[in-house]
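For reference, the chains in residue letters:
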Amino acid sequence: MEEDVVFAISPISYIENFKTSIISDDNLLIELYDTPENIFSRLIFSDENDEIYTDDNYKNANKDYYMKEIQADLDWYGMVNSKIGIHNRIFVNNDSPTEVVDRIIVEYNLVNDDCGE
């Protein structure tokens, strides 16, 4: 492409298509990660109609289960990302998306000099 773009991809297990269509020397691949505790704090539920609801009693009563599942996902997808060749990692630290993006821009020197951003 002639312009810069961002692909935000959820964690994946099936990497073959990803490896052939996204990975190249001119793409900057970054894994965003956070602690299981921070991920748990952001856990939300939705019903069969994708309506979001809060059930902190249920969530907290099942915290041990969710923490184990979150850690298992972190381990699995970390392995997949490493296998793909994603070595750049940004710790989210429960920050807002804007704060994380600002850190990425600074850390990887992604300032666009043409528009002053």
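I'm lost on the pattern of salt bridges in this one. Help?
Pairing is possible between side chains that carry opposite charge, provided their charged atoms lie close to one another. For the structure on display, the rule yields 3 salt bridges. A salt bridge links Arg89 to Glu31, with the nearest nitrogen and oxygen atoms 3.1 Å apart. Of this pair, Arg89 sits in strand β4 (residues 88-91) while Glu31 is found in strand β1 (residues 30-33), placing the two residues 58 residues apart along the sequence. Using a relative accessible area of 11% as the deciding quantity, one classes Glu31 as buried.

What is the right way to look at the nonpolar core in this model?
Grouped burial of nonpolar side chains is what soluble globular proteins tend to show. In this structure, Phe40, Phe45, Tyr66, Met67 and Ile70 together form the largest nonpolar core, which totals 5 residues. For this core, the leading source of residues is helix α4 (residues 63-84), giving 3 residues.

Where do I start with the side chain of Asn81 in this structure?
Along the chain, the position of Asn81 falls in helix α4. Beyond its immediate stretch of four places on either side in the chain, Asn81 contacts Glu31 and Ile86.

How should I be thinking about the packing of aromatic side chains in this particular structure?
When we look at a pair of aromatic rings, we describe it by the centre distance and by the angle of the planes. Under the criterion given, the structure shown has 6 aromatic pairs. Here the aromatic residues Phe45, Tyr53, Tyr58, Tyr65 and Tyr66 are joined through ring pairs into a cluster of three or more. Its end group placed over the ring of Phe40, Lys59 keeps NZ or CZ at 5.0 Å from the ring centre. The ring of Tyr33 is capped by Arg89, whose NZ or CZ atom sits 3.8 Å from the centre of that ring.

I tried to follow a nonpolar patch on the surface on my own but got confused; where do I start?
Together, Leu28, Val101, Ile105, Leu110 and Val111 give the surface a local cluster of nonpolar side chains, amounting to about 380 Å² of exposed area. Structurally, Leu28 is set in the loop between α1 (16-21) and β1. According to the relative accessible area criterion, Leu28 is partly exposed, its value standing at 40%.

Got a minute to help me understand α4 in this structure?
At 3.6 residues per turn, the α-helix brings residues three or four places apart onto the same side. In this model, α4 (22 residues) spans 31 Å end to end at C-alpha, consistent with the 32 Å of a helix rising 1.5 Å per residue. Among all positions in α4, only Tyr66, Met67, Ile70, Val80, Asn81 and Ile84 are buried. Relative to the axis of α4, the buried residues are bounded by an arc of 160° and lie together on one face. Counted as exposed and oriented over 90 degrees from the buried face of α4: Asp64, Lys68 and Lys83.

How each quantity is defined
- Residues numbered from 1 in each chain as written.
- Predicted model: local features only at pLDDT ≥ 70, side-chain atom pairs only at ≥ 80, totals over all residues.
- Heavy atoms only, no water.
- Salt bridge = Lys/Arg side-chain N within 4 Å of Asp/Glu carboxyl O.
- Helix = DSSP H or I, 4+ residues; strand = E, 2+ residues; numbered from the N terminus.
- Buried < 20%, exposed > 50% of the residue type's maximum accessible area, 1.4 Å probe, protein only.
- Core = buried A, V, L, I, M, F, W, Y, C linked by side-chain atoms within 4.5 Å.
- Contact = heavy atoms within 4.5 Å.
- Phe/Tyr/Trp six-rings, centres within 6.5 Å; stacked < 30°, edge-to-face > 60°.
- Lys NZ or Arg CZ within 6 Å of the ring centre and 35° of its normal.
- Patch = residues over 30% accessible without salt bridge, like charges linked within 9 Å, V, L, I, M, F, W, Y side chains within 5 Å.
- Areas by Shrake-Rupley, 256 points an atom, 1.4 Å probe, with all protein chains shown as cover.
- Expected span 1.5 Å × (residues − 1).
- Arc of directions from axis to C-beta.

Purely geometric numbers; function is a separate question.
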